[in-house]
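# Architecture and fold: a report
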Amino acid sequence: MWHFPLPCLCHLCCHVKSLVVGDSVESGECLGGSTYIEETITYLSSRSKPVRVSHSLCEEEKEAVEQRKVKIHKCLQELGIPCDSADVPQIAVLGSGGGLRAMLALMGTLSELGAQNLLDSILYLCGVSGSTWCMSSLYKEKDWSSRVEEREKEMVETLTTGYVTLMSKWDRVLKAVKDENYSLTDIWTGRIVYDIVKKEDKQHLSSYTDETMVNPYPIFAVVDKWRLDHKEEHDKGVWFEITRHEAGYPGYGAFVDTSVFGSRFKAGEITERKEEMDMLYLQDWISNSFNAEKKEESVNRNRITCKGDHCGCDQCTEVQLNKLKEAFLSGKDCKPILITFEETQEGENKALLSNMKDSWDQKNEEEQADLFLILEMTIRVTINSPKLLKILSNWIWGTKFNFLHEFSSREDDLPSVLVQDEKIYLVDAGLANNCGYPLVLRPDRQVQLILSFDFSAGDPFLTVHQAAEYCKKNNIPFPDIPVVSEEEKDNPSDCYIYSGENTPTVMHFPLFNKANCGDKDNIKEMNNTFSTAATSYNQREIQLLLKVSKMNVVNNRDQIIAKIKKSVETKQKKKYK
């Protein structure tokens, strides 16, 4: 049992977050202070049980949807679209993957939707890969959609002048190495995503609050790597979603409270609480599209047996590293420690220490810090090489504890393999489909109109064709998508509308098209300039990308409004049948 004094109430959140579901807090024992509370408080997640097995939406999302509809109804009135509150259509915006190109293009798209008074008509915003970098940046602000042009300027400023220190990058990697679920995602976060988004974001998705639903409801898409590799194409169990309330498999109707996603579970109960992943990790996790290719590597390190103080074994090496770090941070003379340290080491470690020793006095404090961080990273990776080699040889990404481990339910419709494994491996949804259609097409979300902004490289129609195939296999209503010629793929229009009887309407917007680029040669040049592999753009390129993405909204505003109006009329007709 945990107990806390009255003066500790202001820190209750900090203490409570460290408890496991079911732990309680009683009077009589102090966490700091001297005055005691005469009550028992039991900490639970936002629900009595963190794991939920049901194909319906959670109550929190239902409440959020109803709140958002109030804002949508007001927006439709301002657009001159008459409807009752009960006839408000469910509209989703999809942002595809595409690295930094997708991040900026979605920003431009949302900014222009706001400028055209259309953003408040959107219920759901679902992102894959690079688009989620934009979403993660936006959703840290409670009212971003009402100040979207300001958010755009901030993003441009960050991408052109932002900087993350080497210390921040490696601190993240070195901290992650110690975790049981350390994976290549942690390396990618610390060394790549930082360099692309140029900022730290340690907030958690579940901490985002929007009681009046000022913003669209966010959905982040990933896929289960094991099911992607072993199941048939377009299997419903591949897709995994993360919202501010839940994370889980919509195809199986199995979810967990987002705030405890990543904790260790057994039979539906938390056995070890883990810190929720932050927004930077989330950005990274859902953007590792190259991880489908499995790498096979093997490196063996001869382990050194400890021979006493100051030998070169892992334990003594770490002791000396910590002494050096303590001396550096306290402003003491590091040269004697560097000399002793160098004598015990071999290979790359010895070479690094020799260089540090010889050049130390000529370096300023910042340069010394960089040298130390390089040394620390090299030594930590060496010490943890068995763990690192394991993830390299198996190309392990996105490792999380499985919240369904040994779970059993009355419905008992969960695949046995899903409840057997203690861990799951989640990767970029772009490996299945670069747009998150399966998530917004959950039956209970009742989406009537999908605005799909496709920022993908290559075939600009691939995502919508894959969505049609997925829906056909899983008996989900979806409009027929005609075959597109190679000539059309090379020189697409800026908007395609697909509709059918009792299906959602899909408006598909290829990023680069003949309306905003001119001809197929210019489209090809734009694709080359803004490749998925690019990790930065200059100011001129950023403004150009924002401009062409905005044009897709401006040029099709009337069509979007017409389809919103049609969705309202369709809903009204169904109501009176």
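Rules used throughout
Residues numbered from 1 in each chain as written. Predicted model: local features only at pLDDT ≥ 70, side-chain atom pairs only at ≥ 80, totals over all residues. Heavy atoms only, no water. Helix = DSSP H or I, 4+ residues; strand = E, 2+ residues; numbered from the N terminus. Buried < 20%, exposed > 50% of the residue type's maximum accessible area, 1.4 Å probe, protein only. Contact = heavy atoms within 4.5 Å. Expected span 1.5 Å × (residues − 1). pLDDT = per-residue confidence, 0-100. Pairing = 2+ DSSP bridges. Axes fitted to C-alpha atoms, helices over the stretch in contact; angles between N-to-C directions. Parallel < 35°, antiparallel > 145°, perpendicular 65-115°, else oblique. Left-handed = near helix turned anticlockwise from the far one by under 90°. Nonpolar A, V, L, I, M, F, W, Y, C, P; charged D, E, K, R; others polar. Core = buried A, V, L, I, M, F, W, Y, C linked by side-chain atoms within 4.5 Å. Phe/Tyr/Trp six-rings, centres within 6.5 Å; stacked < 30°, edge-to-face > 60°. Patch = residues over 30% accessible without salt bridge, like charges linked within 9 Å, V, L, I, M, F, W, Y side chains within 5 Å. Areas by Shrake-Rupley, 256 points an atom, 1.4 Å probe, with all protein chains shown as cover. Salt bridge = Lys/Arg side-chain N within 4 Å of Asp/Glu carboxyl O. Lys, Arg positive; Asp, Glu negative; His and termini not counted. Charge placed at Lys NZ, Arg CZ, Asp CG, Glu CD. Polar contact = N/O pair within 3.5 Å; in protein donor to acceptor, adjacent residues only side chain to side chain.

## Side note on the overall build of the protein
- Each helix and strand in the protein was counted, giving 21 helices and 17 strands.
- The 577 residues of the protein split such that 55% are buried.
- Of the contacts made within the protein by residues no fewer than 6 positions apart, 72% connect residues no fewer than 24 positions apart.

## Describing helix α2 (residues 59-78)
- End to end, α2 covers 30 Å across 20 residues, agreeing with the expected 28 Å (1.5 Å per residue, within 8%).
- Listing the buried residues of α2 in full gives Glu60, Glu61, Ala64, Val65, Arg68, Lys69, Ile72, His73, Cys75 and Leu76.
- In the segment just after α2, Gly80 is the residue with positive phi, at about 80°.

## Quick look at the confidence of the model for the protein
- Looking at the protein, the pLDDT average stands at 79 and 73% of residues meet or exceed 70.
- The model gives residues 182-192 a pLDDT under 50, and that stretch makes 48 contacts with residues more than four places away or in other chains.
- Every residue in residues 387-397 scores below 50 in pLDDT, and together they form 41 contacts with partners more than four places removed in sequence or on other chains.

## What to know about unusual backbone geometry
- Of note in this structure, Gln446 is not a glycine but carries a positive phi near 50°.
- Examined against the element boundaries, Gln446 turns out to sit in the loop between α16 (437-440) and β15 (449-454).
- In this structure, Asn502 takes a positive phi of about 60° despite not being glycine.
- Position of Asn502 relative to the elements: it lies in the loop between β16 (496-498) and β17 (505-510).
- Of the residues examined, Asn502 reaches a relative accessible area of 56% and is grouped as exposed.

## Considering the pairing of strand β14 (residues 423-428)
- Strand direction decides the pairing type here: strand β7 (residues 217-224) and β14, joined by 3 bridges, are antiparallel. Opposite Val222, over in β14, you have Asp428 as the bridge partner.
- Across 3 bridges, strand β13 (residues 399-401) lies against β14 in antiparallel orientation. Paired with Thr399 across the bridge in β14 is Tyr425.

## A word on the packing of helix α3 (residues 99-115) against helix α5 (residues 148-161)
- At a minimum axis separation of 9 Å, α3 and α5 run at an interaxial angle of 155°. One way to sum up the angle between α3 and α5 is to call them roughly antiparallel. When you trace α3 past α5, the crossing you get is left-handed. Side by side, α3 and α5 meet where Leu100, Met103, Leu104, Met107, Leu110, Ser111, Gly114 and Ala115 of the first sit next to Val148, Glu149, Arg151, Glu152, Met155 and Leu159 of the second.
- Taken together, the residues that form the contact of α3 with α5 break down as 9 nonpolar, 2 polar and 3 charged.

## Notes on the nonpolar core
- Counting residues in hydrophobic clusters, the biggest one holds 116 residues, and the most contacted among them are Leu110, Phe240, Leu404, Tyr437 and Leu451.
- It is α3 that provides the largest number of residues to this core, a total of 9 residues.
- Formed by 15 residues, the second largest nonpolar core is a distinct cluster that contains Leu321, Leu324, Trp360 and Leu371.

## A closer look at the packing of aromatic side chains
- Enumeration according to the criterion identifies 12 aromatic pairs in this entry.
- Here the aromatic cluster, defined as three or more aromatic residues joined through ring pairs, consists of Phe240, Tyr249, Tyr252, Phe261 and Phe403.

## Details of the environment of Leu106
- Positionally, Leu106 belongs in helix α3.
- A relative accessible area of 0% places Leu106 in the buried class.
- Once the C-alpha coordinates of Leu106 and Leu511 are considered, the two residues, 405 residues apart in sequence, prove to be 9.8 Å apart.
- Leu106 has contacts with Gly95, Ser131, Cys134, Met135 and Phe455, leaving out every residue within four places of it along the chain.

## Considering a negative patch on the surface
- A cluster of acidic residues, Glu365, Glu366, Glu367 and Asp370, forms a negative patch at the surface.
- Examined against the element boundaries, Asp370 turns out to sit in helix α13 (residues 365-383).

## Here's the deal with the side chain of Lys69
- The topology assignment puts Lys69 in helix α2.
- Of the polar contacts made by the side chain of Lys69, one reaches the side chain of Gln90; its length is 3.2 Å.

## Some details on the environment of His405
- Residue position: His405 is located in the loop between β13 and α15 (416-420).
- With 141 residues separating them along the chain, His405 and Arg264 place their C-alpha atoms 8.8 Å apart.
- A distance of 3.4 Å separates the side chain of His405 from the backbone oxygen of Phe265, its partner in a polar contact.

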